[in-house]
Amino acid sequence: MKTITEFKRMKAEGEKIVMMTAYDYPTAVFAEKADVDLLLVGDSLGMVVLGYASTVYVTSDDMIHHGKAVRRGAKDTFLVVDLPFGSFRGSEDRILTEAIRIFQETGADALKVEGADEVLDVIRLLTKTGIPVVAHLGLLPQSAAVIGGYKVQGKTSQAALKIIDEAQACEAAGACMVVVECVPHQLTQKLSEAVQIPIIGIGAGVEADGQVLVFHDLVKYGDHKLPKFAHAFSDAGSVVLDGICAYTNAVRERNFPNEKHQFNMKEEEVGNLYG
Ligand code: KIV
Ligand code: NA
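Residues numbered from 1 in each chain as written. Chains lettered and ligands numbered in written order. Predicted model: local features only at pLDDT ≥ 70, side-chain atom pairs only at ≥ 80, totals over all residues.

Draft legend 1. Looking closely at the nonpolar core. Residues L39, L111, I123, V133, A175 and V178 are the most contacted members of the largest nonpolar core, which totals 73 residues. For this core, the element with the most residues is helix α8 (residues 157–173), which contributes five residues. Residues in contact with L111, not counting those within four places in the same chain, are V81, L83, A99, I102, F103, L126, I131 and V133. (Core = buried A, V, L, I, M, F, W, Y, C linked by C-beta atoms within 7 Å. Buried ≥ 20, exposed ≤ 12 C-beta atoms within 10 Å, placed from the backbone. Helix = DSSP H or I, 4+ residues; strand = E, 2+ residues; numbered from the N terminus. Contact = placed C-beta atoms within 7 Å.)

Next comes the structure, spelled out in structure tokens:
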């Protein structure tokens, strides 16, 4: 398994880091076969797998349920699990109880938290406890309702400098990596230069030290709209829909099952069936 040390070396030597989300066992198996560097059990699972309108309905139990499945499928890939909405707020005791439960039960290698400001204390607390933390800056989907939707962040130099400050503060607080979402690529370049830890981009341009995409976007699986920054590298959705339609037709036309799929009784036993 590639570790944080390896990811830092990759950044230093300009080798791109490949990350994608996964929410279940078969996807994890495929990702490991494809030599993906890191997997993220993102709370995006609320939207692409569970059909919620946003990520705020996802619970720690959801993260554990899916995180365990991904771990079983990819035992040898660095695994990051998102701390879901609300799970890292409140007293230190509550935050630690939730984080330790998710970390232990999923067998994750790191946990990811959205935001800076008061979240810096969370990064420090978890790191001090022995849980590696991935920060998440730029567009914060868990706060979309407050900021008024899913919008590009850091477009002015002032807003961009704030995100750079945040990344440096996350690094100082102990974060081992930063995911930056939906920011101008010129900011990403500066971000990468401003910290030693890898910057993993999504909608952040090629300048990031690595990229992350949502599985259901990158293989186009589902009925959701692809964000502008995503690219469908295959069309799993139409393959799956074609398969289901072919099955439906075959059953209705009595073409499935046929003799290849059925079991036989001896002739004499068939005779006995009818007395
Ligand atoms: O939940 C998720 O999929 C994420 C990525 C967009 C980074 O946090
Ligand atoms: Na997320």
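Here the narrative resumes.
Draft legend 2. View of the site of ligand 1. Around ligand 1, the neighbouring residues are T21, L40, G42, D43, S44, D82, V179, E181, I202, V212 and V214. Here the shell around ligand 1 is composed, by residue class, of five nonpolar, three polar and three charged. (Near = placed C-beta within 6 Å. Nonpolar A, V, L, I, M, F, W, Y, C, P; charged D, E, K, R; others polar.)

Draft legend 3. Structural view of the UniProt feature "active site" (unreviewed entry) in the protein. The sites that UniProt annotates as "active site" (unreviewed entry) are E181. By secondary structure assignment, the location of E181 is in strand β6 (residues 177–181). If we skip the residues at most four places from it in the chain, E181 touches H136, G138, L139, I202, G203 and A204. (UniProt positions renumbered as here; feature names shortened; annotations may be inferred.)

Draft legend 4. Broad picture of the sheet that holds β6. Within the closed barrel, the eight strands sit side by side as β1-β2-β3-β4-β5-β6-β7-β8. Their pairing is parallel. Neighbour to neighbour, the strand axes of the sheet diverge by 25 degrees on average, direction disregarded. The pairing of strand β4 (residues 110–114) with strand β5 (residues 133–138) spans four bridges and is parallel. When the sheet's bridge partners are listed, L111 is paired in β5 with V133. (Pairing = 2+ DSSP bridges. Axes fitted to C-alpha atoms, helices over the stretch in contact; angles between N-to-C directions.)

Draft legend 5. Region of interest: the confidence of the model for the protein. Across the protein, the average pLDDT comes to 97, with 100% of residues at or above 70. Among the scores for the predicted complex, ipTM is 0.99 and pTM is 0.97. (pLDDT = per-residue confidence, 0-100.)

Draft legend 6. Main features of the domain arrangement of the protein. Domain boundaries in the protein define domain 1 (4–234) and domain 2 (240–273). On a C-alpha basis, the centroid separation for the pair domain 1 and domain 2 is 46 Å. (Domains from an automatic or database assignment.)

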